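The residues making up each chain are set out below.
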Amino acid sequence: MRNFDPVQLGSIELFCKAAELGSFTAAAEALGLTPASVSRSISRLEARLGVRLFARTTRQIRLTREGELYHEQCRQALEQIAEAERILTGQQKVPSGPLRISVGTPYAHYRLLPLLPRFQAAFPQIEVELSIANRVIDFVEEGYDLAIRLGVPQDSRLIAHTLEDATLGVFASPSYLARRGTPDSVEALKQHDCIQFILPSTGRAMPWIFKDGQGRDMDFHFRSRQRIHDDVLGCVNWAIAGGGLFQIYHFIAQAAVQRGELVEVLQSAGHRTRRFSILYPHNRHLSARVRAFVDFVMQAVRP
């Protein structure tokens, strides 16, 4: 195993500052050094690693692919060192700094966004950066601190905490039910317009899930002439407009039901749930801001 030279830590700090500012000169000014000394230090680091960390031109520098990977790991390492120092010096009492979160569309709009003002009021020194998208992310390459996703991941590199098991129901607009009638069984759905959501992660239709008369789990698979990709909230709005039936979480449909825009059907076959989890990398030391967010959201969402 290669021995770690304590001097290398200073080179890593210079490298991270140059990557952050996109300039050797700017990094030198920020750290009170000369541009030449910053350039030499990074060149020694590249020689030691045997890779090019920056692609250089006469006007600018940019991280190479290897440089991007190295920067993400070094950034995390420096944050952990700073975190340890804050713990020892008592500065850990006030979580602060940037917090990058990835969350899917439904959970963001109907669960997380309503909570964020309370979180920001409780932790005013944390800077929240939110990505709302229904896709798989790479924590290391994209620099996210945590994510909220449907289901429990099989990836052993991630730690998952259950936020909630959200209940589902089938809903339609009053105008649709007046026009087509109300289904009285799961089998009767085959005679109705059922709006289908195509999962972006697999390209397959999400099945509707129910309980049968004996309380056993059952899945309803079907092919519909009405399909939406990527944004499940589009299915909800289609149902509100009278386009057909759709199965969605109660926490999403609740407001539309209260406004009289949606009506729940097939309640006797309901009571199935899908799990939402909060995720972060297994090997990542939890900073105070990540721990504060995890604790806050889990307390706020859980019944």
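This text goes with the structure placed above it.
Conventions used here
Residues numbered from 1 in each chain as written. Predicted model: local features only at pLDDT ≥ 70, side-chain atom pairs only at ≥ 80, totals over all residues. Heavy atoms only, no water. Helix = DSSP H or I, 4+ residues; strand = E, 2+ residues; numbered from the N terminus. Rg over C-alpha atoms; globule rule 2.2 N^0.38 Å. Buried < 20%, exposed > 50% of the residue type's maximum accessible area, 1.4 Å probe, protein only. Contact = heavy atoms within 4.5 Å. Areas by Shrake-Rupley, 256 points an atom, 1.4 Å probe, with all protein chains shown as cover. Lys, Arg positive; Asp, Glu negative; His and termini not counted. Charge placed at Lys NZ, Arg CZ, Asp CG, Glu CD. Core = buried A, V, L, I, M, F, W, Y, C linked by side-chain atoms within 4.5 Å. Phe/Tyr/Trp six-rings, centres within 6.5 Å; stacked < 30°, edge-to-face > 60°. Arc of directions from axis to C-beta. Polar contact = N/O pair within 3.5 Å; in protein donor to acceptor, adjacent residues only side chain to side chain. Expected span 1.5 Å × (residues − 1). Bend = angle between axes of the 7 residues up to and from the residue. Salt bridge = Lys/Arg side-chain N within 4 Å of Asp/Glu carboxyl O. Axes fitted to C-alpha atoms, helices over the stretch in contact; angles between N-to-C directions. Parallel < 35°, antiparallel > 145°, perpendicular 65-115°, else oblique. Left-handed = near helix turned anticlockwise from the far one by under 90°.

## What to know about the overall build of the protein
- Helices and strands together make up the secondary structure of the protein, namely 10 helices and 13 strands.
- Against the 2.2 N^0.38 benchmark of 19 Å for 303 residues, the protein shows a C-alpha radius of gyration of 25 Å, more extended than a compact globule.
- With the C-alpha coordinates aligned to their principal axes, the bounding extent of the protein is approximately 80 × 40 × 35 Å.
- By residue count, 43% of the 303 residues in the protein fall in the buried class.
- The contacts in the protein between residues at least 6 apart in sequence include a share of 73% that link residues at least 24 apart.
- Of the accessible surface of the protein, which amounts to about 16500 Å², a share of 51% is contributed by carbon and sulfur atoms.
- Charge separation in the protein, taken as the distance between the mean sites of 36 positive and 31 negative side-chain charges, equals 2 Å.

## Thoughts on the nonpolar core
- Within the largest apolar cluster, 60 residues are counted, with the highest numbers of intra-cluster contacts made by Leu-189, Trp-208, Phe-210, Leu-245, Phe-246, Ile-248 and Phe-293.
- Looking at this core element by element, the count peaks at eight residues for helix α10 (residues 288-301).
- Non-local contacts of Ile-248, meaning those with residues more than four positions away in its chain, are made with Thr-167, Leu-168, Gly-169, Phe-171, Val-232, Val-236 and Ala-253.
- In terms of nonpolar packing, the next biggest core, distinct from the first, is built from 18 residues, Phe-15, Ala-19, Ala-27 and Phe-54 among them.

## Regarding the packing of aromatic side chains
- This structure, assessed with the given rule, holds 15 aromatic pairs.
- Summarising the aromatic geometry, the rings of Phe-24 and Phe-54 are spaced 5.4 Å apart at their centres and angled 90° between planes, so their arrangement reads as edge-to-face. Highlighted residues: Phe-24 in helix α2 (residues 24-31) and Phe-54 in strand β1 (residues 54-56), separated in sequence by 30 residues. Side by side, Phe-24 and Phe-54 carry an identical accessibility label, which is buried.
- Residues Phe-119 and Phe-123 carry aromatic rings whose centres are separated by 5.1 Å and whose planes lie at 40° to one another, so their mutual orientation is tilted.

## Side note on helix α8 (residues 232-240)
- All of the buried residues in α8 are Val-232, Leu-233, Cys-235, Val-236 and Ala-239. With its buried residues spanning 150° around the axis, α8 presents them on a single face.
- In this structure Asp-231 caps α8, since a side-chain oxygen of it lies 3.0 Å from the backbone nitrogen of Leu-233.
- Downstream of α8 by a residue or two, Gly-242 has a phi angle that is positive, lying close to 100°.

## Quick look at helix α5 (residues 105-122)
- For α5, built from 18 residues, the straight-helix expectation of 26 Å at 1.5 Å per residue is met to within 8% by its first-to-last C-alpha distance of 24 Å.
- Remark: the principal bend of α5, roughly 50°, maps to Leu-112, with a proline, Pro-114, within the next four residues.
- Within α5, the full set of buried residues consists of Thr-105, Pro-106, Tyr-107, Ala-108, Leu-112, Leu-115, Leu-116 and Phe-119.

## With respect to unusual backbone geometry
- Located in the positive-phi region is Asp-230, a residue other than glycine, with phi close to 75°.
- Mapped onto the fold, Asp-230 is located in the loop between β10 (227-229) and α8.

## Notes on the pattern of salt bridges
- This structure, assessed with the given rule, holds 17 salt bridges.
- In this structure, the salt-bridge partner of Glu-79 is Arg-289, at a minimum N-O distance of 3.4 Å. Remark: Arg-289 occurs in helix α10 and Glu-79 occurs in helix α4 (residues 65-89); sequence separation between them is 210 residues.
- A salt bridge links Arg-275 to Asp-165, with the shortest nitrogen-to-oxygen separation between them at 2.7 Å. Of the two residues, Arg-275 sits in strand β13 (residues 273-281) while Asp-165 sits in strand β6 (residues 158-172), which places them 110 residues apart along the sequence.
- Taking relative accessible area as the criterion, Arg-275 reaches 35% and is therefore assigned partly exposed.

## Thoughts on the side chain of Arg-289
- The exposure class assigned to Arg-289 is buried, which follows from its relative accessible area of 6%.
- Engagement of the side chain of Arg-289 in a polar contact is seen with the side chain of Glu-79, the distance being 3.4 Å.
- Excluding anything up to four places from it in sequence, Arg-289 contacts Glu-79, Pro-95, Ser-96, Gly-97, Pro-98, Leu-99 and Ile-126.

## Here's the deal with the packing of α2 against helix α3 (residues 35-49)
- Interhelical geometry of α2 versus α3 gives an angle of 110° and a closest axis separation of 8 Å. It follows that α2 is roughly perpendicular to α3 by the angle criterion. Pair α2 / α3 crosses with right-handed handedness. Here Phe-24, Thr-25 and Ala-28 of α2 lie close against α3, whose contacting residues are Pro-35, Val-38, Ser-39 and Ile-42.

## Some details on the environment of Pro-200
- Along the polypeptide, Pro-200 turns up in the loop between β7 (196-198) and β8 (208-211).
- Residue classification places Pro-200 among the partly exposed residues on the basis of a relative accessible area of 37%.
- Sequence separation of Pro-200 and Asp-231 is 31 residues, and the distance between their C-alpha atoms is 8.7 Å.
- Apart from the residues within four sequence positions on either side, Pro-200 is in contact with Asn-134 and Asp-230.

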